[in-house]
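Observations on the model geometry
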Amino acid sequence: MPVTLGYEEKKYMMGYAPDYDRSQWLNEKFKLGLDFPNLPYLIDGAHKITQSKAILGCIAYKHNLCGETEGEKIWEDILENQLVDNHVQLARLCYNPDFKKLKPEYLEALPAMLKLYSQFLGKQPWFLGDKITLGLEISAYMKSSCFLPRPVFTKMAVWGNK
C-alpha cells in the first residue's frame, strides 16, 4: 500500500544560459535554517533535512520501508551505494561537453551494469527478499499524476535537461 505524504512543493526557477541565474534559490538558501543548505530539502516538523539520500532515508524510516535485520540493512546499503555510483556515472556523462562522443561507450557498458541488479535481485520478489522497501513507493510515485519524468538534470547538462 503506497504511503501518502502531505507536503508543500517549492520549486525554484533557474535561468537560461549563459548565466543560469539561480537568484531565486540563493535569496532563500540561508534563511531556511538548514544545516547544510542544498536542494532538495525536506522540512518535516523539527527535522530539516538536505541531501537526497538522507531525505529518502527519513521517509523510509518514518514509514518502515527499510531493512530490519542486519542482513537486510547490509543489502540495502550495498544497493543504495551502487545506485549512487551509477547515478554519478550518468551525471558525469550528461554534464560532459563531449556527451555525444562518450554516449556509445556508456550505452555499451549499460547491459552489464543492469545485469548486476538482476543478479542481485535473483528470484526474490523484492531487493530485500519479501520486504517491500522504498523502491516500491518510488514506483507508485512514478505512476502518479505528480511524477515528472524530466528534467533529470539541471539546464547546464547536455542531456536530460528538458
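The rules we used
- Residues numbered from 1 in each chain as written.
- Predicted model: local features only at pLDDT ≥ 70, side-chain atom pairs only at ≥ 80, totals over all residues.
- Heavy atoms only, no water.
- UniProt positions renumbered as here; feature names shortened; annotations may be inferred.
- Helix = DSSP H or I, 4+ residues; strand = E, 2+ residues; numbered from the N terminus.
- Expected span 1.5 Å × (residues − 1).
- Bend = angle between axes of the 7 residues up to and from the residue.
- Buried < 20%, exposed > 50% of the residue type's maximum accessible area, 1.4 Å probe, protein only.
- Contact = heavy atoms within 4.5 Å.
- Patch = residues over 30% accessible without salt bridge, like charges linked within 9 Å, V, L, I, M, F, W, Y side chains within 5 Å.
- Areas by Shrake-Rupley, 256 points an atom, 1.4 Å probe, with all protein chains shown as cover.
- Salt bridge = Lys/Arg side-chain N within 4 Å of Asp/Glu carboxyl O.

- The name given to the protein in an unreviewed UniProt entry is Glutathione S-transferase, and the organism recorded there is Pan paniscus.
- UniProt, in its Sequence similarities (unreviewed entry) section for the protein, records the words "Belongs to the GST superfamily. Mu family."

**Topic: helix α4 (residues 99-121)**
- Taking 1.5 Å of rise per residue, the 23 residues of α4 would be expected to cover 33 Å, and the 31 Å separating its terminal C-alpha atoms lies within 8% of that figure.
- The largest bend in α4 is about 35°, located at L110, with the proline P111 one to four residues further on.
- What α4 keeps buried is the set F99, Y106, M113 and Y117.
- Residues of α4 that are buried in the fold lie against α3 (70-94).

**A look at a nonpolar patch on the surface**
- Side chains of I74, W75 and I78 sit close together on the surface and give an oily, nonpolar patch of about 280 Å² of accessible area.
- When you line up the elements, W75 lands in helix α3.
- Judged by relative accessible area, W75 falls into the partly exposed class, the value being 37%.

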